[in-house]
Amino acid sequence: MGHESAQHAGRDETLDLAAGAVATSGTGERGAHLWDRRVDASARELLSLTVTGPSLTWADAFATAAFVMGEAGVEWVSQFEDYRAIALLPNHTLLHSAF
């Protein structure tokens, strides 16, 4: 996975997945388009958040919701059976849920 942005150099990581789905939400392609109603502003705590799991529909929904939650969203995803999250922070470190 990686993050593309005019402001940040990308960081590539390999994600091995034998089966299932992968979905990513972030600001790389479309800018700050995800809104955090808690603070009435665009979500900016993460650069991207990727979710893996058995269903692409749910992985995509979880990735979007968790991205808006910020770092707390990474562990939030792990409450759903067989779903995991990996977030790219602004300092280009990775944060992942328990596997």
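Computed from a predicted model, the values in this text were never measured in an experiment. (Residues numbered from 1 in each chain as written. Predicted model: local features only at pLDDT ≥ 70, side-chain atom pairs only at ≥ 80, totals over all residues. Heavy atoms only, no water.)

**Quick look at the overall build of the chain**
For clarity, the threshold we go by: Numbering of helices and strands runs from the N terminus, with a helix taken as a DSSP run of H or I at least four residues long and a strand as a DSSP run of E at least two residues long. We call a residue buried when its accessible area falls under 20% of the maximum for its residue type, exposed when it is over 50%, and partly exposed in between, using a 1.4 Å probe and counting protein chains only. Only heavy atoms enter the contact rule, under which two residues are in contact if any of them lie within 4.5 Å. Per-residue and other accessible areas follow the Shrake-Rupley method at a 1.4 Å probe size, with only the shown protein chains counted as cover for residues.
Counting secondary structure elements, the chain contains two helices and six strands. Counting from the amino terminus, helix and strand elements in the chain follow one another as β-β-β-β-α-α-β-β. Looking at the chain residue by residue over its 99 residues, the buried ones come to 36%. Long-range pairs, those at least 24 residues apart, make up 58% of the contacts in the chain between residues at least 6 apart in sequence. Accessible area of the chain: about 5900 Å², with a carbon and sulfur share of 51%.

**Quick look at the nonpolar core**
If you look at soluble globular proteins, the nonpolar side chains tend to sit buried side by side. Formally: To qualify as a nonpolar core, a set must consist of buried Ala, Val, Leu, Ile, Met, Phe, Trp, Tyr and Cys residues joined through side-chain atoms within 4.5 Å.
Leu46, Leu49, Val51, Val77, Tyr83 and Ala85 are the most contacted members of the largest nonpolar core, which has 15 residues in total. Of all the secondary structure elements, the ones that give two or more residues to this core are β4 (48–53), α1 (56–69), α2 (71–77) and β5 (84–88). In terms of residue count, the dominant contributor to this core is α1 (five residues). Setting aside chain neighbours within four positions, we find Val51 in contact with Ala21, Val22, Ala23, Ala59, Phe62, Ala63, Val77, Tyr83, Arg84 and Ala85.

**Quick look at the sheet that holds β5**
Put simply, the test is: Being paired, for any two strands, means DSSP has found at least two bridges between them. To obtain each axis, a line is fitted to C-alpha atoms, and for helices this fit is confined to the stretch in contact; angles are then taken between N-to-C directions over 0 to 180 degrees.
Overall, antiparallel pairing links the four strands, which are arranged β1-β4-β5-β6 in an open sheet. Each edge of the open sheet carries a strand with a single partner, namely β1 (21–26) and β6 (94–96). Averaged over all pairs of adjacent strands, the angle between strand axes in this sheet comes to 15°, irrespective of strand direction. Judged from the three bridges that link them, β5 and β6 form a sheet pairing that is antiparallel. Within β6, the position partnered with Ala87 by the bridge is Leu95. Its contacts with the sheet put α1 on β1 and β4, and the angle it makes with β1 is roughly 25°.

**So, unusual backbone geometry**
Most peptide bonds take the trans form, and the phi angle of most residues other than glycine is negative. Notably, Asp82 is not glycine yet its phi reads approximately 70°, a positive angle. Considering the arrangement of structural elements, one finds Asp82 in the loop between α2 and β5. For Asp82, a relative accessible area of 51% corresponds to the exposed category.

**Here we look at the confidence of the model for the chain**
The line we're drawing: Confidence scores here are pLDDT values: one per residue, from the predictor, ranging 0 to 100.
The predicted model of the chain has a mean per-residue pLDDT of 79, with 68% of residues at 70 or higher. Here strand β2 (residues 35–36) stands out as the element of the chain with the lowest mean pLDDT, 62, in contrast to α2, whose mean of 94 is the highest. Confidence drops under pLDDT 50 across residues 1–8; counting only partners more than four residues distant or on other chains, this segment forms 20 contacts.

**Observations concerning the packing of aromatic side chains**
Operational definition: Classification of ring pairs rests on two measures: the distance between centres of Phe, Tyr or Trp rings, Trp counted by its six-membered ring, which must be within 6.5 Å, and the angle between planes, read as stacked under 30 degrees, edge-to-face over 60 and tilted in between.
Throughout the structure, instances matching the rule amount to five aromatic pairs. Taking the centre distance of 4.1 Å and the plane angle of 15° together, the rings of Phe62 and Phe80 count as stacked. Here Phe62, found in helix α1, pairs with Phe80, found in the loop between α2 and β5; they are 18 residues apart in sequence, far enough to count as distant. What makes Phe80 partly exposed here is its relative accessible area of 25%. Between the aromatic rings of Phe62 and Tyr83, the centroid separation amounts to 5.1 Å while the plane-to-plane angle is 85°, which identifies the pairing as edge-to-face. Placement of Phe62 in helix α1 and of Tyr83 in the loop between α2 and β5 is noted, with a sequence separation of 21 residues between them. Judged by its relative accessible area of 8%, Phe62 falls in the buried class.

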